[in-house]
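Residues per chain, in single letters:
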Amino acid sequence: NVPPFNRNLEYSYNVRKTITVFRDPLQTTIYTASVTCQIEKSEEGENDEGEDDSLLCLLHDINILSTLTFQTLNTTNEVTNEEYNTNDDWFIIKFNSIGLEKLFVNSTTEKKDLIKEIAFQFHIGGEIIPKFTSNEKLAVGHCMTLFNINSTTHEFREEETDKILENQIILLSHKASYEKTPVYEGYERHVHLFIEKIRKDCKYSLPFFDFLNGMQVKKYIHTMEILDDELNISTTMEVQLPPDPWNPKGTPVFRETTHLGLANITSKTKVFDPLTREKYKWINLME
């Protein structure tokens, strides 16, 4: 029972990506950033008003911190600490009933990989059915994904499949974020939904396959959880060298964890200048 959408609202998310390379010294790189999104109607809608099936988002306030930890000496040294305060990395996520359909970015941006990784945090990727296995399209290829679902307050119904964004987990939590105003009276204010996706038997894209260069993905898990007005999404990938006689379980190489959390919902503060938008050379990263 989701309240009506208001295109004047803005959704702000905090992003944190941590890459740990297992060696001595232990190398850790932490990316932090903010993403601000607004609901946008599709230009492909069948009626004049279009359909609320897209998010217009801005990636901003990026910080990259790299450290080396010498385990034998128990000391940590900062290697780099860089900040990027640009405000020109807009992108558009278009959804269908099971997740991402298109991802538009400016062809000149240098942050395509980061934007794609952030966008796929929002990706449901299949039917919301407990113990359901589906072939899921991902940023690095395709995987057979097992869905573990725990929902105490929300049920996806077939008759609602035309309401694209209303069936997206990223916006379910806003039902608990409003003050008591007449337009939202009668809507349930408690919600709990947990989705765990365990990815196996993956067929990776050629660039990622070449990057692995014989290494193995030991663990690849994506979780989404809404608890009242809190939203947390995370992806963890662990990569190792194949087992050998000296290391029968394999040797860990690196672990990559990306976390996205809903920070707040407010009236619009970001404006995508129409003239700047016209100058963008849009490309679809989902192709």
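Described in the following lines is the structure provided in the data block.

Criteria and cut-off values
- Residues numbered from 1 in each chain as written.
- Predicted model: local features only at pLDDT ≥ 70, side-chain atom pairs only at ≥ 80, totals over all residues.
- Heavy atoms only, no water.
- Helix = DSSP H or I, 4+ residues; strand = E, 2+ residues; numbered from the N terminus.
- Buried < 20%, exposed > 50% of the residue type's maximum accessible area, 1.4 Å probe, protein only.
- Contact = heavy atoms within 4.5 Å.
- Areas by Shrake-Rupley, 256 points an atom, 1.4 Å probe, with all protein chains shown as cover.
- Disulfide = S-S within 2.5 Å.
- Core = buried A, V, L, I, M, F, W, Y, C linked by side-chain atoms within 4.5 Å.
- Patch = residues over 30% accessible without salt bridge, like charges linked within 9 Å, V, L, I, M, F, W, Y side chains within 5 Å.
- Salt bridge = Lys/Arg side-chain N within 4 Å of Asp/Glu carboxyl O.
- Lys, Arg positive; Asp, Glu negative; His and termini not counted.
- Charge placed at Lys NZ, Arg CZ, Asp CG, Glu CD.

Our focus in this paragraph is the overall build of the protein chain. Assigned secondary structure in the protein chain consists of four helices and 13 strands. Counting the 287 residues in the protein chain, one finds 45% classified as buried. Long-range contacts, defined as pairs at least 24 residues apart, comprise 63% of the intrachain contacts of the protein chain with a sequence gap of at least 6. Approximately 15,500 Å² of the protein chain is accessible, and the part contributed by carbon and sulfur atoms is 49%.

We now examine the state of the cysteines. Two cysteines form a disulfide when their sulfur atoms are joined by a covalent bond. What the rule picks out here adds up to two disulfides. Across the disulfide from Cys 37 sits Cys 57; the S-S distance is 2.1 Å. Across the disulfide from Cys 37 to Cys 57, rotation about the S-S bond amounts to roughly 110 degrees, and the bridge is consequently right-handed. Of this pair, Cys 37 sits in strand β2 (residues 26–41) while Cys 57 sits in strand β3 (residues 52–70), and the two are 20 residues apart along the sequence. Using a relative accessible area of 0% as the deciding quantity, one classes Cys 37 as buried.

To continue, consider helix α1 (residues 112–121). Buried residues dominate α1, accounting for seven of its ten residues. Those residues of α1 lying buried are Leu 114, Ile 115, Glu 117, Ile 118, Ala 119, Phe 120 and Gln 121.

We now examine the nonpolar core. With 39 residues, the main nonpolar core has Tyr 13, Val 35, Leu 59, Phe 91 and Ile 93 as its most contacted residues. Dropping the residues within four chain positions of it, Val 35 is found in contact with Tyr 11, Ser 12, Tyr 13, Val 15, Cys 57, Leu 58, Leu 59, His 60, Phe 91 and Ile 118. Counting residues in hydrophobic clusters, the runner-up holds eleven residues, among them Leu 138, Val 140, Cys 143 and Val 253.

A surface patch of positive charge is lined by Lys 218, Lys 219, Lys 249 and Arg 255. Within the element layout of this structure, Lys 249 appears in the loop between β11 (230–241) and β12 (251–267). In this structure Lys 249 comes out as exposed when scored by relative accessible area, which is 72%.

Now for the pattern of salt bridges. Applying the stated criterion across every chain yields a total of seven salt bridges. Asp 89 is the partner of Lys 111 in a salt bridge, and the nearest nitrogen-oxygen pair spans 3.0 Å. Of this pair, Lys 111 sits in the loop between β6 (99–106) and α1 while Asp 89 is found in strand β5 (residues 89–96), placing the two residues 22 residues apart along the sequence. In terms of burial, Lys 111 and Asp 89 fall into one category: buried. Ionic pairing is found between Glu 136 and Arg 199, a salt bridge with its closest N-O pair at 3.1 Å.

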